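Inside the fold
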Amino acid sequence: MEIVVRTIDPCRDPLDCLILPLFSDGELPQAAAAVDQAGSGFLKQLMQQGDFRADCGQTLTLYHVPGVQAARLMLVGLGKSTKISDLNYQKALLAVGRALADRGVTQAALFGLELAVPQRDPAALAEIAVQAIADGQYRFDRYKAPAETPRRELQTLTLALDDRLAPQGETILAAATAARITSEATAWARDLANEPGNVCTPTWLAEQAQTMAASRAIEADILGPAQMEALGMQLLLGVAQGSRQEPRLIVLHYRGGEKDAAPLVLVGKGLTFDAGGISLKPADKMDEMKYDMCGGATALAAIRAAADLKLPLNLTVVVPASENLPDGKATKPGDIHKSMQGLTVEIINTDAEGRLILADALTYARRFKPAAIIDMATLTGACIIALGHQTAAVLGTDEALVQDLLAAGRQSLDRAWELPLFEVYQEQLKSPFADLSNVGGRPAGTITAACFLSRFVEDIPWAHLDIAGVAWKSGEHKGATGRPVPLLVEYLRRRAGHPR
């Protein structure tokens, strides 16, 4: 999708589709007021009659509207003007993206950057708009029979400026371009995650990572079982031993910073399918366990975005990729495996496998002497109980790193919330037979999972994102969300000195 930023006259410019935000309390933004005046009060009459209430996220597409030259006029509701917020703005523009996709609109112009949204300047609104519209455009239908009429996608989105905003055009374009790159990376993460498990195997995921890396001068190194054995990665190998698919450790390096600058390392859980192993999951919704690699997809998408944005930093991604299936060779509850770090782990529940593959990956990541490590994983159902499907959990050993991630989440509207990582929770991981067990019981499940991971990072600044509640949606519209790609990219931009 091409992004254009320019001054537009909403009444005189011949546009394919003009998008106008409206408030439900009748207050007309500047562009809408001009259109209403040119149409002899058309918009006010429409709302007074109740045909369009302008509730937040409501859209209405009109054709051949008097007073405007646009072929289509798409109205979008923002709710009450007194309650305008960045979240309402995002919700409204997400609905616009879906409506544009449903109608096959290829060229559209959006007004709305001039709105007075608390704590958001026009450039920030441009970022929200581009990402929300791109999100609304997203479809994963490659396995469906071709439609009789080929689907048309939005090719050009013009962000309309009035005379007051015209001097900010370059700043707005830069922000919108960064948002486009972020949205493209997010869509790629969603594509990877939405692939079925018979396609997205550890080998396939590694191949996709290599292809992406080769097109962006990102270094790629893929480790197989023999190399893992030599490194002592018995936790990762133990999870994989019940599957016929070989595991892979995907390692990517983007070198955009100073040669000797310590890299930031992202570690993403890459369970391409998780049946739970011998501790078999219930059949209901087990199909969604193809999404257990969303953390890995997120990490891969983040390094792709960093390269496309040409961020001046060094970034390494480590993705342990495996399946977790029941088999005669599968790890059994009560088995003990030794980690790459040397700690022994009693496997109480084979469905708590994500922390096992991450433990060896975190140990491997330490060899790069990173400035910090951030891991992301669909790790615990307990996180969903605590925070629902709206917010990711963040825990860590470095408070500054945690706060930076929280700030990036607020800015990108891809929000997270901190949970404690008190030392006392480590008590729940004690084992009578090994250095630690892989589960700590039902209480504080998200926290004890993070405590387990913390044992493998030593003194390196580290934060953990549990994305089990936000990485995908269930139900009729099930699918990967691409979260937390926006949060991570915003964090990387800030770390590279390119904040919004």
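Computed from a predicted model, the values in this text were never measured in an experiment.

1. Re the overall build of the protein
Helices and strands together make up the secondary structure of the protein, namely 14 helices and 20 strands. The C-alpha radius of gyration computed for the protein amounts to 24 Å, which stays within 12% of the reference 23 Å derived for 500 residues, consistent with globular compactness. Projected onto its principal axes, the C-alpha coordinates of the protein cover approximately 80 × 50 × 40 Å. Split into buried and exposed, the 500 residues of the protein put 60% on the buried side. Residue pairs at least 24 apart in sequence account for 76% of intrachain contacts in the protein once pairs closer than 6 positions are excluded. Treating the 49 positive side-chain charges of the protein as one cloud and the 58 negative ones as another, the clouds have centres 2 Å apart.

2. Remarks on helix 9 (residues 294-308)
Each full turn of the α-helix corresponds to 3.6 residues, which orients residues three or four apart in the same direction. Between its first and last C-alpha atoms helix 9 spans 21 Å; for 15 residues at 1.5 Å apiece the expected length is 21 Å, and the two agree. Counting buried positions over the 15 residues of helix 9 gives 14, a clear majority of the element.

3. Points about the packing of aromatic side chains
Tallied over the full model, the rule gives five aromatic pairs. Judged by centre distance (5.7 Å) and plane angle (75°), the rings of Tyr 364 and Phe 368 are edge-to-face. Taking relative accessible area as the criterion, Phe 368 reaches 21% and is therefore assigned partly exposed. Measuring from centroid to centroid gives 6.2 Å for Phe 422 and Tyr 425, while their planes differ by 15°, and the two rings are stacked.

What counts as what
- Residues numbered from 1 in each chain as written.
- Predicted model: local features only at pLDDT ≥ 70, side-chain atom pairs only at ≥ 80, totals over all residues.
- Heavy atoms only, no water.
- Helix = DSSP H or I, 4+ residues; strand = E, 2+ residues; numbered from the N terminus.
- Rg over C-alpha atoms; globule rule 2.2 N^0.38 Å.
- Buried < 20%, exposed > 50% of the residue type's maximum accessible area, 1.4 Å probe, protein only.
- Contact = heavy atoms within 4.5 Å.
- Lys, Arg positive; Asp, Glu negative; His and termini not counted.
- Charge placed at Lys NZ, Arg CZ, Asp CG, Glu CD.
- Expected span 1.5 Å × (residues − 1).
- Phe/Tyr/Trp six-rings, centres within 6.5 Å; stacked < 30°, edge-to-face > 60°.

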